[in-house]
Amino acid sequence: MHKKMLWVSNKIAAVSEPPLVGSITEERKKKIREAKRALFRGQCNCAYWHGIFGGLHINFLRHAIYSELLRAEQIADGLKHAKPNYLDLAVTDYDFDGRDELVISTPTISAGISPTLGGSLFEFSYRPHQFNVQNVLRNIPESYHASSAVPHGYGGGGVASIHERGRDLAPELAKLLRYDSIPLRSLREIVLPSDATFPAWSSGSQPLLDDFRTIEYIPHVERKSGETRVILVGTGNVLQVRKVLIFSPQFPRIEVEYEVSLRGGEAVECLFGSEWNVTLIDAHNPHKFYEASGISGESCFLDSAGVTESKEFRLVDDTLGFRLSFDFPVPTRTWRGPLFTLSH
């Protein structure tokens, strides 16, 4: 989120430069002011910190930040491009880790790809509603997860401050708490044995035959016929995966093509999975639900767990009027489970 803010700030700075010939029009100045105002709102500190009242762990605070940053980015890109349809692709060290990422911007989506982290998506935003569905947070051990009435740093003398007061972790919350060994991203691949079960997967105890989530994919970009193709090739222990991500400036979607091949040796019977970690913010809400073939309704809460098999799977937000749709060429099993974040 912080790196998104820096990215948008640099975009606004670029379109704020005076032209080589002539002067900036009043209308452009107005748009620049609007973009800066949205950027400043997106710099509100509450959601960037590990606050005593939640801070970074509160998803609607992060959503508010992303919403303003996406609004600012839309304005900046609109000032950059004269035509209504455009597709920008930047190869840059987006998160300053010394390795390049790919950042795609169109009128309707913003997407970020990490070739060195499983060729995964670290951002997938729907610009018309300023909504980043990739706004999820990795669970890591925190001091307040331990059941202790006296937290670290409080010596027992005087009155404990709000930052020092301890609290026992409720047993029902402890059951929901699971730590993530790697960052939560989307569009990353795992290979399971053919007898893998949903309960084992959902509990985190399911062994994998191959794990592509953290390996380095080799990227290649092709532009043709109005489309941009990002080709990513990764090599695991058993399989090699070639995935092609197809972007178009006209449509708010990513089309994904997979080619999976055996590296050698005997044939392997397995389950190939594409893992997605996404959010619509309010998971237990009758106006936000999932749909699959013949399955829909108020009981289909987003925080439920289970298995469906169909050619389409949708996460629906009736409050904002949009949906995240997964369309498959053949009936495909979808294993779904909730993501919980524990805040102080």
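Residues numbered from 1 in each chain as written. Predicted model: local features only at pLDDT ≥ 70, side-chain atom pairs only at ≥ 80, totals over all residues. Heavy atoms only, no water.

A. Focus on the pattern of salt bridges. Counted according to the given criterion, the structure contains 19 salt bridges. With a shortest N-O distance of 3.3 Å, Asp97 and Arg99 are connected by a salt bridge. On the basis of relative accessible area, Asp97 is assigned to the partly exposed category, the value being 33%. Bridged by salt links that share partners, the residues Lys4, Lys11, Glu73, Asp77, Glu123 and Arg127 form one connected network. (Salt bridge = Lys/Arg side-chain N within 4 Å of Asp/Glu carboxyl O. Buried < 20%, exposed > 50% of the residue type's maximum accessible area, 1.4 Å probe, protein only.)

B. Representation of the packing of helix 1 (residues 2-16) against helix 2 (residues 26-41) within the structure. Packing of helix 1 against helix 2 leaves a shortest axis separation of 10 Å and a crossing angle of 165°. Classified by the angle between their axes, helix 1 and helix 2 sit roughly antiparallel to one another. In terms of crossing hand, the pair formed by helix 1 and helix 2 is left-handed. In this structure, helix 1 contributes Met5, Val8, Ser9, Ile12, Val15 and Ser16 to the contact, and helix 2 contributes Arg28, Ile32, Ala35, Lys36 and Leu39. Looking at side-chain class alone, the contact of helix 1 with helix 2 contains 7 nonpolar, 2 polar and 2 charged residues. (Axes fitted to C-alpha atoms, helices over the stretch in contact; angles between N-to-C directions. Helix = DSSP H or I, 4+ residues; strand = E, 2+ residues; numbered from the N terminus. Parallel < 35°, antiparallel > 145°, perpendicular 65-115°, else oblique. Left-handed = near helix turned anticlockwise from the far one by under 90°. Contact = heavy atoms within 4.5 Å. Nonpolar A, V, L, I, M, F, W, Y, C, P; charged D, E, K, R; others polar.)

C. A look at the sheet that holds strand 6 (residues 188-193). Reading across the sheet, the 3 strands line up as 7-6-12 and stay open at both edges, with antiparallel pairing between neighbours. Looking at strand neighbours, the two that pair on one side only are strand 7 (210-211) and strand 12 (270-275), the edges of this open sheet. Of the pairings in the sheet, the one linking strand 6 to strand 12 comprises 6 bridges and is antiparallel in character. Each residue of the ladder has a partner; that of Leu192, found in strand 12, is Leu271. (Pairing = 2+ DSSP bridges.)

D. A look at the sheet that holds strand 9 (residues 227-235). With antiparallel pairing, the 4 strands of this open sheet are ordered in space as 8-9-10-11. What marks the edges here is a single partner per strand, and that holds for strand 8 (218-224) and strand 11 (255-262). Sheet twist, expressed as the average angle between the axes of neighbouring strands with direction ignored, equals 15°. Bridge count between strand 10 (residues 239-247) and strand 11: 8 bridges; the pairing is antiparallel. Bridge assignment links Ile246 to a residue of strand 11, and that residue is Glu255.

E. Representation of the layout of surface pockets within the structure. The space that makes up the second largest pocket amounts to roughly 780 Å³. If you go around the second largest pocket, you meet 26 residues; those closest to its centre are Met1, Tyr66, Val136, Leu137 and Arg185. For the lining of the second largest pocket, the elements supplying multiple residues, two or more each, are helix 1, helix 3 (59-80) and strand 4 (120-126). Ranked by residues supplied to the lining of the second largest pocket, first place goes to helix 1 with 3 residues. By residue class, the composition of the lining of the second largest pocket is 11 nonpolar, 6 polar and 9 charged. (1 Å grid on protein atoms, 1.4 Å probe; cavity = no way out; pocket = protein on both sides within 12 Å on 5 of 7 lines; lining within 4 Å. Points joined across faces, edges and corners; volume = space filled by probe spheres on them.)

F. Region of the structure containing the packing of aromatic side chains. Here the structure, examined in full by the defined rule, presents 11 aromatic pairs. Taken together, a centroid distance of 5.4 Å and an interplanar angle of 50° make the contact between Trp7 and Tyr94 tilted. You can see Trp7 sitting in helix 1 and its partner Tyr94 sitting in the loop between strand 1 (88-92) and strand 2 (101-105), a full 87 residues away along the chain. Relative to Tyr217, the ring of Phe212 has its centre 6.4 Å away and its plane inclined at 55°; by these criteria the two rings are tilted. Looking at Lys243, its charged tip hangs above the ring of Tyr217, at a distance of 4.7 Å from the centre. When the ring centre of Phe251 is taken as origin, the NZ or CZ atom of Arg253, which lies over that ring, is 4.6 Å away. (Phe/Tyr/Trp six-rings, centres within 6.5 Å; stacked < 30°, edge-to-face > 60°. Lys NZ or Arg CZ within 6 Å of the ring centre and 35° of its normal.)

G. Here's a closer look at the confidence of the model for the protein chain. Across the protein chain, the average pLDDT comes to 90, with 92% of residues at 70 or higher. By mean pLDDT, the top-scoring element of the protein chain is strand 2 (98), and the lowest-scoring one is helix 4 (residues 171-176) (79). Confidence drops under pLDDT 50 across residues 149-154; counting only partners more than four residues distant or on other chains, this segment forms 8 contacts. (pLDDT = per-residue confidence, 0-100.)

H. Quick look at the side chain of Glu73. Relative to the helices and strands, Glu73 is located in helix 3. A distance of 3.5 Å separates a polar atom in the side chain of Glu73 from a polar atom in the side chain of Trp7. Those residues in contact with Glu73 that sit more than four places away from it in its chain are Lys4, Trp7, Val8, Lys11, Ser105, Ser110 and Arg127. (Polar contact = N/O pair within 3.5 Å; in protein donor to acceptor, adjacent residues only side chain to side chain.)

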